Amino acid sequence: MALIALHGTSAGVARTAAPPPRDALVQLGEALFNDDTLSRPRGQSCASCHAREAGWSSPDSVANEHAGVVQGAVAGRYVNRRPPTIGYAEFMPAGPPVFLTSRAAYAGGFFYDGRAATLADQISGPIRNPNEMNNTPAGVVRAVADGPNVARFRKAFGVEVSSLAVDEAFQDIVAAIASFERTATFSPFSSRYDAYVAGKLSLTAAELAGLQLFTGSRTGRPGGPAVKTATCSSCHTVEPAAAGRRDVFTSGTFHNIGIPKNPANPYYAQTDAAANPEGCNPLGAAYIDYGLGSVLYLQKSCPPGNAGNGSDGRGDFLRINGTFKTPTLRNVDTRPAPDFVKCYGHNGYFKSPREMVHFYNTRNLTTSPGEVINFTARQPYAHLQGKPLWPPPENPDPQTLVNPTGARGLIGNLGLTAADEANLVAFLQTLGDAPPASTSR
Ligand code: HEC
Ligand code: HEC
């Protein structure tokens, strides 16, 4: 209801006392989400990077397979991270990220690093980002005024977009897109898992075994009789039976799961400050994505990660470097065609859920049977007998890397068999929503 006053201003109050009609607002939001005149140059819309048929992630199979990240509206410019799914985003806890003692982790906010507090705040990010839509609020308002959605704007807000001040019009545009993101189009709860929870179908034996591993519970809900566990639901939340909440498969908490650098990320080569003053990467191949650490240290007047030039010498005192927001796993394997490649993790390093599950199972292992890399040691790779099965984490930070030091039951050494891994993947595949009926919303 308070959609048009999201930023705490009086926008909209002067012209309409009543909130805009919701249907008209959502229709405008949907049209703007798909409107590729909003980028500079034209040609890129939100849907260019977040497409339903690809589980609300990148619909570009080639980019997913090779670069992992996507090209922005300006040819040759790349974002440092991959487009995450934006399904079920309305259920993400709002920011700014706060430390939850109960979880021993930060939670809240949008983007992989929590830097936007609300869905509406998030939207100006891609619009302004020189490596994404590369526009300004004034440019977007002009594009809407000159574009295909003038009448939809009038219907939603009762005024001509061209008659409004830029700030006001931009807030309305953002509010419309955010209202579309809060519809059942993005959160239909129509997967086979949902039908199973509603008692309408049975999972296959493999899917059920995967759910049991995922939660460590025979019932597939926390609190049931304990069974062999892969501990997934401790971050990708499955609600307790009594909670009565629907499962969104994320706690919104930030963790470092030890994903390696993605050497194919073109952002590493994007060093030319003259060509791309705001979106370049002066560090080149030495760039480290600190995740939450690239946001919270700035608020303390420290550089990203509190590392390098200008750091206050205390290093990662908040224990946040390399922590990224836990994504939902809904639609994780949704793809437009069987041979379409998706990628996973904040930098697109992984190319399939199967590969990710194998990583969770074996990240800490080497080719020497029984050897476990101890990531809490200062030099985890010193004196190893075997060759590590995976490249080192992008943030090999002993403070924040979730590390079992050899014990089973936590990330990196789960003790899963090949059949267990396959069962987990089968379960993840139950989380894809049904394609929409043509008229439903
Ligand atoms: C060029 C590709 C690109 C375009 C265009 C784009 N996005 Fe994104 N989107 C991304 C990337 C990459 C991220 C993650 C960035 C990060 O975490 O720093 C992201 C993150 C998000 C998130 C955060 C999800 C979460 O759970 O935190 C939302 C919501 C979102 N985008 C919505 C939109 C909307 C709405 C538009 C259109 C106004 C849009 N995006 C346009 C690439 C894109
Ligand atoms: C300690 C918390 C934690 C646990 C436990 C955990 N995850 Fe994750 N998961 C994360 C975080 C954080 C990310 C994002 C990491 C990044 O991008 O750097 C993630 C990412 C993923 C992704 C990639 C999704 C995408 O869209 O990119 C998959 C798939 C996944 N997890 C599945 C699992 C499975 C299966 C398990 C159990 C074997 C599991 N996770 C256990 C926190 C966790």
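Residues numbered from 1 in each chain as written. Chains lettered and ligands numbered in written order. Predicted model: local features only at pLDDT ≥ 70, side-chain atom pairs only at ≥ 80, totals over all residues.

## Observations regarding the overall build of the protein chain
When its secondary structure is counted, the protein chain shows twelve helices and four strands. Computed over its C-alpha atoms, the radius of gyration of the protein chain comes to 22 Å, within 12% of the 22 Å expected for a compact globule of 441 residues. Its C-alpha atoms put the protein chain at 70 × 60 × 40 Å along the principal axes. For the protein chain, the residues scored as buried account for 48% of the 441 residues in total. When contacts within the protein chain are restricted to residue pairs at least 6 apart in sequence, those whose partners lie at least 24 apart make up 62%. (Helix = DSSP H or I, 4+ residues; strand = E, 2+ residues; numbered from the N terminus. Rg over C-alpha atoms; globule rule 2.2 N^0.38 Å. Buried ≥ 20, exposed ≤ 12 C-beta atoms within 10 Å, placed from the backbone. Contact = placed C-beta atoms within 7 Å.)

## Observations concerning the site of ligand 1
Close to ligand 1 lie 27 residues; C46, C49, F111, Y112 and P126 are nearest. At the level of secondary structure, the elements contributing two or more residues to the shell around ligand 1 comprise helix 2 (46–49) and helix 4 (119–128). Counting residues per element, the shell around ligand 1 draws most heavily on helix 4, which supplies five residues. (Near = placed C-beta within 6 Å.)

## Some details on the nonpolar core
I173, A176 and I177 are the most contacted members of the largest nonpolar core, which has 90 residues in total. For this core, the leading source of residues is helix 7 (residues 166–181), giving nine residues. Split by domain, this core shows at least three residues from each of two domains, domain 1 (2–50 + 119–181) and domain 2 (188–264 + 328–434). In this view, I177 contacts G29, L32, F33 and I123; residues no more than four positions away in its chain are not counted. (Core = buried A, V, L, I, M, F, W, Y, C linked by C-beta atoms within 7 Å. Domains from an automatic or database assignment.)

## Describing the packing of helix 1 (residues 22–33) against helix 6 (residues 150–157)
Two elements in contact, helix 1 and helix 6, have axes whose closest approach is 8 Å; the angle formed by their N-to-C orientations is 150°. Looking at the two axes, helix 1 sits roughly antiparallel to helix 6. The hand of the helix 1/helix 6 crossing is left-handed. Every residue of helix 6 that contacts helix 1 at A24, L25, Q27, L28 and A31 is listed here: R152, F153, K155 and A156. Looking at the contact of helix 1 with helix 6 residue by residue, the classes come out as six nonpolar, one polar and two charged. (Axes fitted to C-alpha atoms, helices over the stretch in contact; angles between N-to-C directions. Parallel < 35°, antiparallel > 145°, perpendicular 65-115°, else oblique. Left-handed = near helix turned anticlockwise from the far one by under 90°. Nonpolar A, V, L, I, M, F, W, Y, C, P; charged D, E, K, R; others polar.)

## Remarks on the packing of helix 4 against helix 7
Between helix 4 and helix 7, the least distance of the axes is 9 Å, while the angle of their chain directions is 115°. Considering how the two elements wind past one another, helix 4 and helix 7 form a crossing that is right-handed. Contacts between helix 4 and helix 7 involve L119, A120, I123 and S124 on the former and, on the latter, V174, A175, I177, A178 and E181. A breakdown of the residues in the contact of helix 4 with helix 7 according to their chemical character gives seven nonpolar, one polar and one charged.

## Focus on the domain arrangement of the protein chain
Under the domain assignment used here, the protein chain contains domain 1 (2–50 + 119–181) and domain 2 (188–264 + 328–434). The straight-line distance from the C-alpha centre of domain 1 to that of domain 2 is 37 Å.

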